[in-house]
Structures are given as C-alpha cells and as structure tokens.
Amino acid sequence: MIAIKGLIDNIPDGKKREYLGRVFVNALIKYYASSPKEVDLNELVLRSFNDLIQNNNFVKDLIKFSDEELSKILNVESCIGIGVGQIRVSLIKYYDIQYDISVPEDTKIDTLTQCEQP
C-alpha cells in the first residue's frame, strides 16, 4: 500500500498552504515562531486528507505532482486524462475513507414569536 504521505510529499508547500488556508497556516507559523518546533505542512495536509480529497484542485494537483504514485494505486500507466471524480472515488476506496453522513434526528429549530416570548 502506498502511504498518503507519499502522495503529498511532491506537492509544493505553496499549494499546501492554499488548501489549508493561508491565514490558518500563517497563524500557526507565528504561534510556533518562538518555539523550536516547526510547522510541518505535510502533517497538516495528512491530518486533513479526508476533507481535502473532496477538493477538485487538490485532486488535480495530486495528478500533476504525484502521477507515479497515483498510477500505482489505480494500476494504470498514467493518471493524466482520467477524471478527477474517478480518481477521488478510487482514492477513497483504496484508503478506505469513511464519512459520517448521518443527520441528527432532532434538526428542528424551535423559535418563539414575539407573542410567545415570556
């Protein structure tokens, strides 16, 4: 099995910042500026992979920067020309990503009109 880290290592840090949100990443960097610990963008992307895989641009960049690894996962010579949706579904199956799509039973919002308020 090809590790997710192997897919994201080839993506430039600027792209990783874009996916995670520049403000979020810059805030983390400033927070850790006085600390010896550095912000690892690969680790942040790895932790967010299940959400990022839903982003079309993220999948397109995986195709662009990690074609060799994706080709091994999909068992094809090259992923260029394969649809983003098909690659997304293949990655979700390959890594057995599960999403909780259940809706809570109590979704009704109780509102009081001005007449009913105490």
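To be clear, the structure that these remarks concern was listed above.
What comes next is a walk through the structure.

Rules behind the numbers
- Residues numbered from 1 in each chain as written.
- Predicted model: local features only at pLDDT ≥ 70, side-chain atom pairs only at ≥ 80, totals over all residues.
- Heavy atoms only, no water.
- Helix = DSSP H or I, 4+ residues; strand = E, 2+ residues; numbered from the N terminus.
- Contact = heavy atoms within 4.5 Å.
- Buried < 20%, exposed > 50% of the residue type's maximum accessible area, 1.4 Å probe, protein only.
- Phe/Tyr/Trp six-rings, centres within 6.5 Å; stacked < 30°, edge-to-face > 60°.
- Salt bridge = Lys/Arg side-chain N within 4 Å of Asp/Glu carboxyl O.

Looking at where Asn55 falls in the secondary structure, it is placed in the loop between α5 (49-52) and α6 (56-65). Spatially, the C-alpha atoms of Asn55 and Val84 are 9.7 Å apart, while their sequence positions differ by 29 residues. The contact partners of Asn55, leaving out residues within four places of it in the chain, are Tyr19 and Arg88.

The complete set of buried residues in helix α7 (residues 67-74) reads Asp67, Glu69, Leu70, Ser71 and Ile73. Positive backbone phi, approximately 60°, marks Asn75, located one or two places after α7.

So, about the packing of aromatic side chains. Under the counting rule described, the total for this entry stands at 4 aromatic pairs. A ring pair is formed by Tyr19 and Phe58, whose centres lie 5.0 Å apart and whose planes are at 90°; its orientation type is edge-to-face. Of this pair, Tyr19 sits in helix α2 (residues 13-20) while Phe58 sits in helix α6, and the two are 39 residues apart along the sequence. Joined through ring pairs, the aromatic side chains of Tyr19, Phe49, Phe58, Tyr94 and Tyr95 make up one cluster.

Within the secondary structure layout, Leu62 lies in helix α6. When the C-alpha atoms of Leu62 and Leu7 are compared, they prove to be 6.8 Å apart, with 55 residues separating the residues in sequence. Every residue in contact with Leu62, bar those within four places of it in the chain, is listed here: Leu7, Ile11, Phe49, Ile53, Asp67, Leu70 and Leu91.

Once the charged atoms of two side chains with opposite charge are near each other, the side chains can pair. By the definition in use, this model includes 5 salt bridges. Among the salt bridges present, the one from Asp9 reaches Lys5, with a minimum N-O distance of 3.1 Å. For Asp9, a relative accessible area of 37% translates into the label partly exposed. Residue class for Lys5 comes out partly exposed when judged on its relative accessible area of 42%.

To continue, consider the side chain of Ser71. In this fold, Ser71 is placed in helix α7. For Ser71, a relative accessible area of 4% translates into the label buried. Setting aside its immediate chain neighbours within four residues, Ser71 contacts Val76, Glu77, Ser78 and Cys79.

Everything listed here is a matter of geometry and, on its own, says nothing about what the molecule does.
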